[in-house]
Amino acid sequence: MQEEVFQNKKEFRLVGLSRSGNHGVINWIINQLEGRYCFLNCTEPKHNPFSTVRPLNADGDVYRTNIRDFNLDQEKTGKFSSKDFLLYNHEDCFLGPLNGKFFQQKKTEWTGESKERKDILLLRDPYNLFASRLKSGLIRGHYTHHGSKPISLLTLQRLYKQHAREFLGEKNYLKNKILINFNLWARSRDYREKLAIELGIPFTDKGFKEVTEVAGGSSFDGTKFSGMAHKMDVNDRWKKYAADPEFQDLFDPEINELATRIFGEIEPVKHFKNNLISV
């Protein structure tokens, strides 16, 4: 019997809303890896990840790799290099199409055979997430670093609710998935160690304190906390907009209920619950 050949030992596809800490988590994962890896940035769902990568930094780099002979043009055509890890991410997308029949038929053609595939769903609490999106212009009509118009407020709410219900297990669009609670990831070393075990990668916690340059780094702090990312108040961003009516309107009872179930009675949950009651 002929031995099956794999181009990728592990394939990780990370899905999350923009400004959820996607690139901080990806950078942390990459820093734990041992072996040949390639990361493709902000790829387009339902398309070849190698063909739809977007810039990581001001230099226009669209991927990260330690593979010396890596050639993106060859990878696009199916001439794959051997990788221990292939990673790519999708931002601001609905989950349904990600495991649809069309995608499954094209997946091996686009990325090669993978011995193990895992979907990673990253979720941040909606209050700090939406505050970061406001600060970066992703809600008030600015153009994004992707070069496309921001999604509507209604679409943002729908996306968040779908991702939250997937996180809670009420939906099952993603298969063989790993859940990352960004709030816990940002504050708990024990939680990050458990995630590394779940991902099947070594744990050193290297890269956790770095702030990536993608889209200018943090919405509030840029890259000035690089090397000290643990000192950023990522769970207090919501306070800047707490009195903003446009911001308040983003949190309907359903979003508050989902946030409570996932993140507990955190400070913004209590604040916005009281705000809704008093209106």
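Data block above holds the structure.
For the structure given in this document, a descriptive report is provided here. (Residues numbered from 1 in each chain as written. Predicted model: local features only at pLDDT ≥ 70, side-chain atom pairs only at ≥ 80, totals over all residues. Heavy atoms only, no water.)

## Some remarks on helix α9 (residues 253-263)
The set of residues buried in α9 consists of I255, N256, L258, A259, T260, I262 and F263. Within two residues after α9, G264 carries a phi angle of roughly 80 degrees, on the positive side. (Buried < 20%, exposed > 50% of the residue type's maximum accessible area, 1.4 Å probe, protein only. Helix = DSSP H or I, 4+ residues; strand = E, 2+ residues; numbered from the N terminus.)

## Focus: the packing of aromatic side chains
Pairs of aromatic rings are described using the distance from one ring centre to the other and the angle between the two planes. A full pass over the atoms with the stated rule returns 11 aromatic pairs. For the pair F50 and F80, a centre-to-centre distance of 6.0 Å together with 40 degrees between the ring planes defines the contact as tilted. In this pair, F50 sits in the loop between β2 (37-40) and β3 (63-65) while F80 sits in the loop between α2 (72-76) and β4 (83-91), placing the two residues 30 residues apart along the sequence. A ring pair is formed by F130 and Y160, whose centres lie 5.8 Å apart and whose planes are at 75 degrees; its orientation type is edge-to-face. Of the two residues, F130 sits in helix α4 (residues 126-136) while Y160 sits in helix α5 (residues 153-168), which places them 30 residues apart along the sequence. For Y160, a relative accessible area of 1% puts it in the buried group. (Phe/Tyr/Trp six-rings, centres within 6.5 Å; stacked < 30°, edge-to-face > 60°.)

## With respect to the pattern of salt bridges
Following the criterion strictly, the structure yields 23 salt bridges and no others. Here K106 ties to E109 by a salt bridge, and the two come within 3.1 Å at their closest N and O atoms. With a gap of three residues between them, K106 and E109 both fall in helix α3 (residues 101-111), about one helical turn apart. Residue class for K106 comes out partly exposed when judged on its relative accessible area of 23%. Connected through shared salt-bridge partners, K161, R165, E170, D252, E254, E257 and R261 make up one network. (Salt bridge = Lys/Arg side-chain N within 4 Å of Asp/Glu carboxyl O.)

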